[in-house]
Amino acid sequence: RNRLRCGLLAGAVFGALLAVLGGILIPAGNSIIEGTVKKEAVIENGTTAYDNWVSTGAAVYRQFWFFDVTNPVEIVENGATPVVVQRGPYTYKTRYLPKENVTFTNFTVTFLLPLGAIFEPSMSVGPEEDHITVLNLAVAGAYSLTPTTLHGVVERLIKSTNSSLFQRRSVKELLWGYYDPMLKVTTGLFSPYNGTYDGPYTVSTGEDDIANVGKILSWRGEESLTFWDDKYCNMINGTDASSFAPFVDKRKPLYFFSSDICRSVSASYEDSLDLKGIKVYRYTLQPNTLAAPNVNPDNQCYCRDPKVTKNCTMAGVLDISSCQGNKPIYISLPHFLYGSPSLRESVLGLSPSPEHHDTFMDVEPITGFTLRFAKRIQVNMMYGPSKVITVLKQVKDYTIFPIVWLNETAALDHETADMFKEELFSRVETLEVLQLSLLGIGVSIFVLCFTMYCVVRCRHSPGKFV
């Protein structure tokens, strides 16, 4: 009897120890996981973060949809409302070159981001030689840069080169450059591009503080921008959006800097999704990002020309001429600028929709890596009325005219997803199974042995009578 009792009691103690061990492994295991993730998230040679940082793992594509003007003669001669037809996509592979001049110094890393674009015919509606009728970049640029008193000079230039408010050019010319007879220089929406660099950037490696990993400390050698006449607007906040600090808190917005739009922006959590078996957080740009200053006063410093923006009340548009060599380029979110009826009436043929035009990032919350993204931006130029320039005499008001919208996108492929799950989640799941198994088995053994011990003790104990 005593041996049986001792055996059951020992079993109960053993079960209790297993349960306690399982309980201890929960915080200890979480600490191990956290330590491993933080170590692999540091940007230094040999880590998972470095391998994905120095060269983009997923293919990045930039697709262009042009707004082909169907009634250019009627617009110039009669002041007709412009009608456009969307043409695209014309697709290019980008961000395929690894970072260059990578230099580590005191928990920071400095680098250059080489730029290049390779046309992808199989992902395009036609060849680069397709011709599109769009706003004449030179005429719009000359109008914006020249004071009213010198409009006569612009008029003579236009007539001497047989230019007009609109031009017909190939996709390749419009994107990457062509010789303009009026300006007598090479011009284009993204000219020059191939063979150029973005940066240099200096970012935190996260080695001293993982919360700062990837945070941009300087761009082009400056800790803040010089494009805006305000300290707030000139701030460089967050990362480049390719990754964020690990253990993402969805209650807080994510901040990132985009050199394409010459400013920092923020994105807020929208939903949790499954991406090839990996849980990700969907982040989208906050609604007030390009809101008019009367809605979001923080955007007042981004309003550069009250005349064009209706006394800074126009939402969804950003004048980036100050960082584009004074070209009158206005960036907008494709669904935002022409989302209101009044703006849609100024150009017919636009059909914006959040589903196809929203910018988003899908971030894996444990590592902070961005596993899928879509950056949608619309490029517009401005022109307005003139009493001297013939091609603008029928123009009634300042017009922000759409030229092209682009979708830069990348997504985790199946091979990388499987590797990601194997390296990270298989370890996490193994540890969780071990924790729960020890806890479950320990509790079961303890309950079973302790119950049997009590039963045996009751059966063999002498009865008590009153």
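Every value quoted in this text rests on a predicted model; they were computed, and no experiment measured them.

Rules and cut-offs
Residues numbered from 1 in each chain as written. Predicted model: local features only at pLDDT ≥ 70, side-chain atom pairs only at ≥ 80, totals over all residues. Heavy atoms only, no water. Core = buried A, V, L, I, M, F, W, Y, C linked by side-chain atoms within 4.5 Å. Buried < 20%, exposed > 50% of the residue type's maximum accessible area, 1.4 Å probe, protein only. Contact = heavy atoms within 4.5 Å. Salt bridge = Lys/Arg side-chain N within 4 Å of Asp/Glu carboxyl O. Helix = DSSP H or I, 4+ residues; strand = E, 2+ residues; numbered from the N terminus. Polar contact = N/O pair within 3.5 Å; in protein donor to acceptor, adjacent residues only side chain to side chain. Phe/Tyr/Trp six-rings, centres within 6.5 Å; stacked < 30°, edge-to-face > 60°. Lys NZ or Arg CZ within 6 Å of the ring centre and 35° of its normal. Pairing = 2+ DSSP bridges. Axes fitted to C-alpha atoms, helices over the stretch in contact; angles between N-to-C directions. Patch = residues over 30% accessible without salt bridge, like charges linked within 9 Å, V, L, I, M, F, W, Y side chains within 5 Å. Areas by Shrake-Rupley, 256 points an atom, 1.4 Å probe, with all protein chains shown as cover. Lys, Arg positive; Asp, Glu negative; His and termini not counted. Charge placed at Lys NZ, Arg CZ, Asp CG, Glu CD. Disulfide = S-S within 2.5 Å.

Undergrad: What is the right way to read the nonpolar core from this model?
TA: When a protein is soluble and globular, its nonpolar side chains tend to lie buried together. Judged by nonpolar contacts, the single largest core of 98 residues is most densely connected at Phe64, Phe66, Leu165, Phe190 and Met361. Residues in contact with Phe64, not counting those within four places in the same chain, are Arg87, Gly88, Pro89, Tyr90, Tyr92, Leu175, Trp176, Phe190, Val404, Trp405 and Leu406. Leu275, Leu371, Leu412 and Phe420 belong to the second-largest nonpolar core, a separate cluster that totals 9 residues.

Undergrad: In this structure, what is going on with the pattern of salt bridges? I would like to understand it.
TA: Any two side chains of opposite charge can pair if their charged atoms end up close together. Scanning the model with the defined rule gives 12 salt bridges in all. A salt bridge links Lys375 to Glu408; the nearest nitrogen and oxygen atoms lie 3.5 Å apart. Placement of the pair is Lys375 in strand 18 (residues 370-383) and Glu408 in strand 19 (residues 399-411), with a sequence separation of 33 residues. This pair shows no difference in class: Lys375 is buried, exactly as Glu408 is. Each of Arg62, Arg95, Asp260, Lys375 and Glu408 takes part in one network of salt bridges that share partners.

Undergrad: Looking at this structure, how should I read helix 4 (residues 137-145)?
TA: With 7 of 9 residues buried, helix 4 is to be regarded as a mostly interior element. Turning to helix 4, its buried residues number three or more, namely Leu137, Ala138, Val139, Ala140, Gly141, Ala142 and Tyr143. For helix 4, the elements touching its buried residues are strand 6 (131-135), helix 5 (151-160), strand 7 (166-170), strand 8 (178-180), strand 18 and strand 19. In this structure Asn136 caps helix 4, since a side-chain oxygen of it lies 3.0 Å from the backbone nitrogen of Ala138.

Undergrad: Can you help me understand the packing of aromatic side chains in this one?
TA: Centre distance and the angle of the planes are the two values used to describe a pair of aromatic rings. All told, the structure shown has 20 aromatic pairs when counted by the stated rule. Between Trp53 and Phe111, the aromatic rings sit 5.1 Å apart at their centres with planes inclined by 90 degrees, giving edge-to-face as the arrangement. Highlighted residues: Trp53 in helix 2 (residues 48-54) and Phe111 in strand 4 (residues 108-114), separated in sequence by 58 residues. A relative accessible area of 8% places Trp53 in the buried class. On the basis of relative accessibility, which here comes to 4%, the residue Phe111 falls in the buried class. Ring centres of Phe111 and Tyr201 lie 5.4 Å apart, and the angle between their planes is 10 degrees; this geometry places the pair in the stacked category. Here the residue Phe111 occupies a position in strand 4, and Tyr201 occupies one in strand 10 (residues 197-204), the gap between them amounting to 90 residues. Residue Tyr201 is classed as buried on the basis of its relative accessible area of 7%. A cation over a ring is seen here: Arg62 above Phe190, with NZ or CZ 5.9 Å from the ring centre. The ring of Tyr302 carries the charged tip of Arg263 above its face, separated from the ring centre by 4.0 Å.

Undergrad: What is the right way to look at the sheet that holds strand 11 (residues 216-219) in this model?
TA: Strand pairs in the sheet, formed through backbone hydrogen bonds, run parallel or antiparallel to each other. Read from one edge of the open sheet, 4 strands run 3-4-10-11, paired in antiparallel fashion. Each of the sheet's edge strands pairs with one partner strand only, and the pair in question is strand 3 (100-105) and strand 11. Ignoring which end each strand starts from, the neighbouring axes of this sheet average 20 degrees apart. Bridging between strand 3 and strand 4 involves 4 bridges; their strand directions are antiparallel.

Undergrad: It is not clear to me how a negative patch on the surface should be interpreted in this structure. Could you clarify?
TA: Together, Glu44, Glu207, Asp208 and Asp209 line one region of the surface with negative charge. Within the fold, Glu207 resides in the loop between strand 10 and strand 11. On the basis of relative accessible area, Glu207 is assigned to the partly exposed category, the value being 48%.

Undergrad: Looking at this structure, I do not really get the pairing of strand 14 (residues 278-285). What am I missing?
TA: As a general feature of sheets, a regular strand has side chains that alternate between the two faces. Most of strand 14 sits inside the fold, with 7 of its 8 residues counted as buried. Where strand 13 (residues 263-275) and strand 14 come together, 8 bridges link them in antiparallel fashion. Looking at the pairing, Leu275 lines up with Ile278 of strand 14. Turn length for the strand 13-strand 14 hairpin, with the two strands adjacent in sequence and antiparallel, is 2 residues, and the turn residue Lys276 shows positive phi of about 55 degrees. Where strand 14 and strand 17 (residues 360-363) come together, 4 bridges link them in antiparallel fashion.

Undergrad: It is not clear to me how a nonpolar patch on the surface should be interpreted in this structure. Could you clarify?
TA: Among the surface-exposed residues, Leu150, Val153 and Leu157 lie close enough to one another that they form a single nonpolar patch of about 220 Å² accessible area. By the secondary structure assignment, Leu157 is in helix 5.

Undergrad: For this particular structure, what's the right way to read the side chain of Thr370?
TA: Structurally, the position occupied by Thr370 is in strand 18. Thr370 sits in the buried class, given a relative accessible area of 16%. Among the polar contacts made by the side chain of Thr370, one reaches the main-chain carbonyl oxygen of Ala241 at a distance of 2.8 Å. Dropping the residues within four chain positions of it, Thr370 is found in contact with Ala241, Ser242, Ser243, Phe244, Met361, Asp362 and Val363.

Undergrad: Could you clarify how one ought to interpret unusual backbone geometry in this entry?
TA: Glycine aside, negative phi is the norm for most residues, and most peptide bonds take the trans geometry. Geometrically, the link from Gly88 to Pro89 is a cis peptide bond, its omega value of 10 degrees lying close to zero. Note that the residue after Ser191, namely Pro192, is joined by a cis bond; omega there is -5 degrees. Phi angles above zero are rare outside glycine, and Lys184 is one such case at about 60 degrees. Tracing the backbone shows Lys184 in the loop between strand 8 and strand 9 (185-187). Although it is not a glycine, Lys276 adopts a positive phi angle of roughly 55 degrees. As for its position among the elements, Lys276 is in the loop between strand 13 and strand 14. The class for Lys276 is partly exposed, based on a relative accessible area of 28%.

Undergrad: In this structure, what is going on with the state of the cysteines? I would like to understand it.
TA: Note on terminology: disulfide describes a covalent bond linking the sulfur atoms of two cysteines. Taken as a whole and judged by the stated rule, the model has 3 disulfides. Linked covalently through their sulfurs, Cys262 and Cys323 form a disulfide whose S-S length is 1.8 Å. In this structure the cystine formed by Cys262 and Cys323 twists about its S-S bond by roughly 70 degrees; its chirality is therefore right-handed. You can see Cys262 sitting in the loop between strand 12 (254-258) and strand 13 and its partner Cys323 sitting in the loop between strand 15 (317-319) and strand 16 (329-332), a full 61 residues away along the chain. Since its relative accessible area comes to 2%, Cys262 is described here as buried. Judged by relative accessible area, Cys323 falls into the buried class, the value being 15%. Cysteine pairing for the protein (bonded cysteines numbered in sequence order): 1-3, 2-6, 4-5.

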